[in-house]
Amino acid sequence: MRRELSVLIMIILAIFLFIMAAGFTFGSPLETDMDDYFIMNGQEQIATNNIVTTIVFDYRGFDTLGESTVLFTAVIGVALMFRMIVRGDSDENE
Amino acid sequence: MLWNLPYIVVVLLAIIGLATILLKRNLIKIFLGVSILTSAVNLFIIVLGYRENSIAPIYTYAPSLNMALPTPQALCLTSIVIGVATSALMLSFAVIIHRYYGTVNVDEIRELKE
Amino acid sequence: MRMSKIVRFCADMLYPAIVIFGLYVIMHGHITPGGGFQGGAVVATAAALVIVAYSYEEIQGMLSKFLLQIQESAGLVMFAGVALIAIGLGTTFFYNYLANSGLLFGMSVPFGPNPGELNTGGFLPLMNIAVGIEVWGGLAIVILYLLSGIPKEGT
């Protein structure tokens, strides 16, 4: 019963998404003002050839700070869980 | 339909990921479905920022100045790293669950809990 | 369960090459495609190669979990520290105080396609190095811990 319900929901969602996908046009984004500004002024302001690096580390530096924190937290979580396992087995000296 | 083929691929990937999450009973396969869904979102972000006949937004020996939008690529970079972090966390959850319950089947785990 | 001698020899030979390629990708992140995350992932691949070729007991002598954790934390602290220096200089957080200044990484770039100069970019190369160190340590330590979850043979 639950399986059939999920299949039904997925079919409806697929039809909806396909109708939406047919409405997009590939290769011509509508709003490009901000990106044109980055492309035109990034080299002069940050003195870098790679505009993607400019955005990742300078214009959107806070994003990258949060992302590094997420990676750090995930690694800490993995370390905590596996330490729990190793302690529980007690056949491995950490 | 061929002019927006990338969007069709995005929808197909998203549906495959959702079907894997909803219909499979193995935890590892569910986590693979989450990864496929993440890939669909990344592809959608990248496809949104493509201009016709454009190059990557890097000025070193650039053949032309018609460049793709850089902001979606930067956001996609963030998204990829967060996807790696979440998949590492999910796989270690799977290892823990297999240690404690002896199985990674969701139904069996639900029965064992009671 | 270590692999055969041929595999171990090839892993030994490939390890420095992969590490140097990853460091190249990190270091040239501001003029060529690449950057801290990609280069860090490449270097972590070298760690994964050695882990595949050798057994877990031998790996523990080569890659220390403690040192990798220190390395990851140092990357995050360096990332935040380089951004915090800007406050000490009287500007805003994440202000690029080194760009166009003539100091380290301080050369300016003419507009348009150019061959690329390593000594440019302000603090972006420092950020790339910090993030590369962090991703290197983080991914290597995740692989090491996932390997330590495998039960021993015979138990």
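The rules behind the values
- Residues numbered from 1 in each chain as written.
- Chains lettered and ligands numbered in written order.
- Predicted model: local features only at pLDDT ≥ 70, side-chain atom pairs only at ≥ 80, totals over all residues.
- Contact = placed C-beta atoms within 7 Å.
- Helix = DSSP H or I, 4+ residues; strand = E, 2+ residues; numbered from the N terminus.
- Nonpolar A, V, L, I, M, F, W, Y, C, P; charged D, E, K, R; others polar.
- pLDDT = per-residue confidence, 0-100.
- Expected span 1.5 Å × (residues − 1).
- Buried ≥ 20, exposed ≤ 12 C-beta atoms within 10 Å, placed from the backbone.
- Core = buried A, V, L, I, M, F, W, Y, C linked by C-beta atoms within 7 Å.

A separate point is the interface of chain A and chain B. Of the residues lining the interface, 38 residues belong to chain A; the matching set on chain B comes to 40 residues. When residues of the side of chain A that touches chain B are traced back to their parent elements, those giving at least two are α1 (2–23), α2 (33–46), α3 (51–59) and α4 (61–89) of chain A. No other element matches the eleven residues that α4 of chain A contributes to the side of chain A that touches chain B. Within the side of chain A that touches chain B, the residues separate by chemical class into 23 nonpolar, ten polar and five charged.

Let's shift gears to the environment of Ala74 of chain A. Note on placement: Ala74 of chain A falls in helix α4. Separated by 25 residues in sequence, Ala74 of chain A and Asn49 of chain A have C-alpha atoms that sit 32 Å apart.

For the rest of this paragraph, the subject is the confidence of the model for chain C. Residues and elements named next belong to chain C. Residue-level pLDDT values for chain C average 87, and 96% of them are 70 or greater. By mean pLDDT, the top-scoring element of chain C is helix α1 (residues 5–27) (93), and the lowest-scoring one is helix α3 (residues 56–62) (79). Across the interface, the model reports ipTM at 0.85; the global pTM reads 0.87.

The next thing to look at is the interface of chain C and chain A. In this assembly, 32 residues from chain C lie in contact with 23 residues from chain A. Among the elements of the structure, α4 (65–88) and α5 (124–148) of chain C are those that each provide at least two residues to the side of chain C that touches chain A.

Below, the discussion takes up helix α2 (residues 36–53) of chain C. Taking 1.5 Å per residue, 18 residues should reach 26 Å; α2 of chain C reaches 26 Å between its end C-alpha atoms and fits that length. Listed as buried for α2 of chain C are Gly36, Phe37, Gln38, Gly39, Gly40, Val42, Val43, Ala44, Ala46, Ala47, Ile51 and Ala53 of chain C. Close packing links the buried residues of α2 of chain C with α3 (70–101) of chain B together with α1, α3 and α5 of chain C.

In this structure, Met127, Ala140 and Val142 of chain C are the most contacted members of the largest nonpolar core, which totals 64 residues. Breaking this core down by element, the ones donating at least two residues are α2, α3 and α4 of chain A, α3 of chain B together with α1, α2, α4 and α5 of chain C. The element that contributes the greatest number of residues to this core is α5 of chain C, accounting for 16 residues. Those residues in contact with Val142 of chain C that sit more than four places away from it in its chain are Val75 and Val78 of chain A together with Ala88 of chain B. In this structure, Ala21 of chain A together with Val10, Ala40 and Phe44 of chain B belong to the second largest nonpolar core, which totals eight residues.

What follows deals with the confidence of the model for chain B. In this model, chain B carries an average pLDDT of 89, and 97% of its residues clear a pLDDT of 70 or more. Confidence scores differ between elements of chain B, with helix α4 (residues 106–113) of chain B showing the lowest mean pLDDT of 84 and helix α2 (residues 27–48) of chain B the highest of 93.

On to the environment of Gly49 of chain B. In this structure, Gly49 of chain B sits in the loop between α2 and α3. For the pair Gly49 of chain B and Pro70 of chain B, spaced 21 residues apart in the sequence, the C-alpha separation amounts to 7.6 Å. In this structure, Gly49 of chain B is in contact with Pro29 of chain A together with Ala68, Leu69, Thr71, Pro72 and Gln73 of chain B, ignoring residues within four places of it in sequence.

All right, on to unusual backbone geometry then. Across the chain, the bulk of peptide bonds are trans and the bulk of non-glycine residues have phi less than zero. Located in the positive-phi region is Ala47 of chain A, a residue other than glycine, with phi close to 60 degrees. Along the chain, Ala47 of chain A turns up in the loop between α2 and α3. With 26 C-beta atoms counted inside 10 Å, the residue Ala47 of chain A sits in the buried group. Not every positive phi belongs to a glycine, and Tyr61 of chain B is a case in point at roughly 55 degrees. Turning to its location among the elements, Tyr61 of chain B is positioned in the loop between α2 and α3. With 12 C-beta atoms packed within 10 Å, Tyr61 of chain B lands in the exposed category.

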